[in-house]
Amino acid sequence: MDFLLDTSHTDLAAAVSAIADRAGGIAVARAWADGDHDPALDVYRQLAETGITGLLIDEAYGGSGAGAVEMVVAVEVLGRVCLPGPVAETFAVVPAALDAVAARNAAACDRADLLAGRPATCAAKPSQPRAADLGIAHGYVIADDALFQASADGPALATVDPTRTVTAVDCAARIAALGPVAHDGAAAAFGNLGALATAAQSLGLAAAMLAIAADYAKARHQFGRAIGSFQAVKHHLADVAIAVEMARPLIHGAAVGMDGGAPGTADVTCDVSAAKVAASDAADLAARRALQVLGAIGYTAEHDLSLHLTKARALRGAWGPPAWHRARIAERLRGGRPR
């Protein structure tokens with residue numbers, strides 16, 4: 001059996017990257033941080049036109065009919081370019097939830113806004129108790145094995161990421177039941193999708209920070225030599241490269257498992273948790289080592305690295321922090337059910 005990505009996946013990644021590059025790349029995130037959401041929202045619309053928003057929605061309901069593998073390939077690229085907004089929710093959690101609702105009752109919910117490119121956000125306790133970027137996205141809540149419209153329960157709260165806010169939400173109008181999707185309930189099953197997408201996004205951020213640090217190490221000279229020629233710098237960056245390449249197969253493996261069965265099974269849950277831990281740790285290591293290589297310039301808001309590392313830090317806790325996911329794995333190893 002061949003576990004490598006095929007040309008359809010590489011073409012998908014190239015298409016997503018081309019859309020982001022034409023929009024200005026990291027400049028989109030910088031505009032968002034300055035209060036201008038339009039460039040990013042235009043990226044969401046273009047991604048929707050390409051079918052990326054509907055990857056997890058069946059063709060019968062207007063989607064692309066792809067799977068979790070294609071989703072993580074696309075979202076990793078969006079992490080690399082630091083796309084602001086609720087990425088995991090728009091491209092994974094909400095499409096899958098709407099698809100599940102449509103499978104039971106196609107008229108129960110409207111998928112038109114999502115498939116047209118409007119961002120969507122979602123909260124699902126315990127892994128994601130607050131909704132990200134509710135002010136610019138259509139909000140949902142998953143609770144009691146059903147999908148609800150979300151209403152804000154307080155003001156939007158700033159995070160360490162200047163392009164991300166979180167808001168406490170309540171369940172408003174009930175849309176529809178999500179059905180028996182997992183032994184631990186719908187919130188756990190769709191929380192796994194959120195964690196997997198966030199892992200892919202974090203992996204993209206880690207790869208981008210590694211590239212920034214490597215390019216700087218080649219250009220910055222001390223004592224008449226590029227600092228990248230020094231053994232200590234090489235080892236720092238090699239550690240990050242290893243962490244990135246070790247996290248990627250865990251993400252892809254979890255996605256393969258999710259496509260092969262229900263997203264809430266115990267084995268899939270543990271695979272997703274392992275992927276989330278590995279990707280979060282890789283992004284954290286990449287941020288720390290990139291700052292060491294770049295020095296004080298990496299802390300400044302004017303440098304692109306600051307946008308990547310603050311987003312990586314914010315996403316570390318999204319859809320379950322590493323400690324929570326480690327506890328799920330440990331519980332499974334002890335013979336219990338993952339939370």
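Residues numbered from 1 in each chain as written. Predicted model: local features only at pLDDT ≥ 70, side-chain atom pairs only at ≥ 80, totals over all residues. Heavy atoms only, no water.

**Notes on the packing of aromatic side chains**
And step 1. Inspection of every chain in the model, using the stated rule, returns 1 aromatic pair.
And step 2. Their ring planes at 15 degrees and their centres at 5.7 Å tell us that Tyr44 and Phe91 sit as a pair that is stacked. With a gap of 47 residues between them, Tyr44 in helix H3 (residues 38–50) and Phe91 in helix H5 (residues 87–104) connect regions that are remote in the sequence. With respect to class, Tyr44 is no different from Phe91; both count as buried. (Phe/Tyr/Trp six-rings, centres within 6.5 Å; stacked < 30°, edge-to-face > 60°. Helix = DSSP H or I, 4+ residues; strand = E, 2+ residues; numbered from the N terminus. Buried < 20%, exposed > 50% of the residue type's maximum accessible area, 1.4 Å probe, protein only.)

**Describing the nonpolar core**
And step 1. Membership of the largest hydrophobic core comes to 101 residues, with the highest contact counts inside it found for Ile142, Phe190 and Leu196.
And step 2. Excluding residues within four positions of it along the chain, Ile142 makes contact with Val93, Ala97, Cys122, Ala123, Ala124, Leu147, Leu178, Ala186, Ala187 and Phe190.
And step 3. The next biggest cluster of nonpolar side chains, apart from the first, holds 9 residues, and it includes Val141, Ala143, Ala150 and Val169. (Core = buried A, V, L, I, M, F, W, Y, C linked by side-chain atoms within 4.5 Å. Contact = heavy atoms within 4.5 Å.)

**What about the packing of helix H4 (residues 68–80) against helix H8 (residues 231–259)?**
And step 1. Running from amino to carboxyl end, H4 crosses H8 at an angle of 145 degrees, the nearest separation of the two axes being 8 Å. Between H4 and H8, the contacting residues are Ala68, Val69, Glu70, Val72, Glu76 and Arg80 on the first element and Arg248, Ile251, His252, Ala255, Val256, Met258 and Asp259 on the second.
And step 2. The residue makeup of the contact of H4 with H8, split by class, is 7 nonpolar, 1 polar and 5 charged. (Axes fitted to C-alpha atoms, helices over the stretch in contact; angles between N-to-C directions. Nonpolar A, V, L, I, M, F, W, Y, C, P; charged D, E, K, R; others polar.)

**Looking at the environment of Cys82**
And step 1. Within the fold, Cys82 resides in the loop between H4 and H5.
And step 2. A sequence separation of 12 residues divides Cys82 from Glu70, and the C-alpha atoms of the two residues are 19 Å apart.

**Examining helix H1 (residues 7–23)**
And step 1. With 17 residues, H1 extends 24 Å from end C-alpha to end C-alpha; this agrees with the ideal 24 Å at 1.5 Å per step.
And step 2. Of all the residues in H1, the buried ones are His9, Leu12, Ala13, Val16, Ile19 and Ala20. Taken around the axis of H1, the buried residues stretch over an arc of 125 degrees, which confines them to a single face. Exposed positions of H1 whose direction lies more than 90 degrees from the buried face are Thr7, Asp11 and Arg22.
And step 3. Check the buried side of H1 and you find it contacts H3 and H4.
And step 4. One or two positions beyond H1, positive phi appears at Gly24, with a value near 120 degrees. (Expected span 1.5 Å × (residues − 1). Arc of directions from axis to C-beta.)

**Some points on the pattern of salt bridges**
And step 1. Going through the model one piece at a time under the given rule, you end up with 13 salt bridges.
And step 2. A salt bridge links Asp281 to Arg316, with the nearest nitrogen and oxygen atoms 3.3 Å apart. Here Asp281, found in helix H9 (residues 266–294), pairs with Arg316, found in helix H10 (residues 304–316); they are 35 residues apart in sequence, far enough to count as distant.
And step 3. We classify Asp281 as partly exposed; its relative accessible area is 28%.
And step 4. The closest approach of N and O atoms between Asp284 and Arg313, which form a salt bridge, is 3.6 Å. Of this pair, Asp284 sits in helix H9 while Arg313 sits in helix H10, and the two are 29 residues apart along the sequence. (Salt bridge = Lys/Arg side-chain N within 4 Å of Asp/Glu carboxyl O.)

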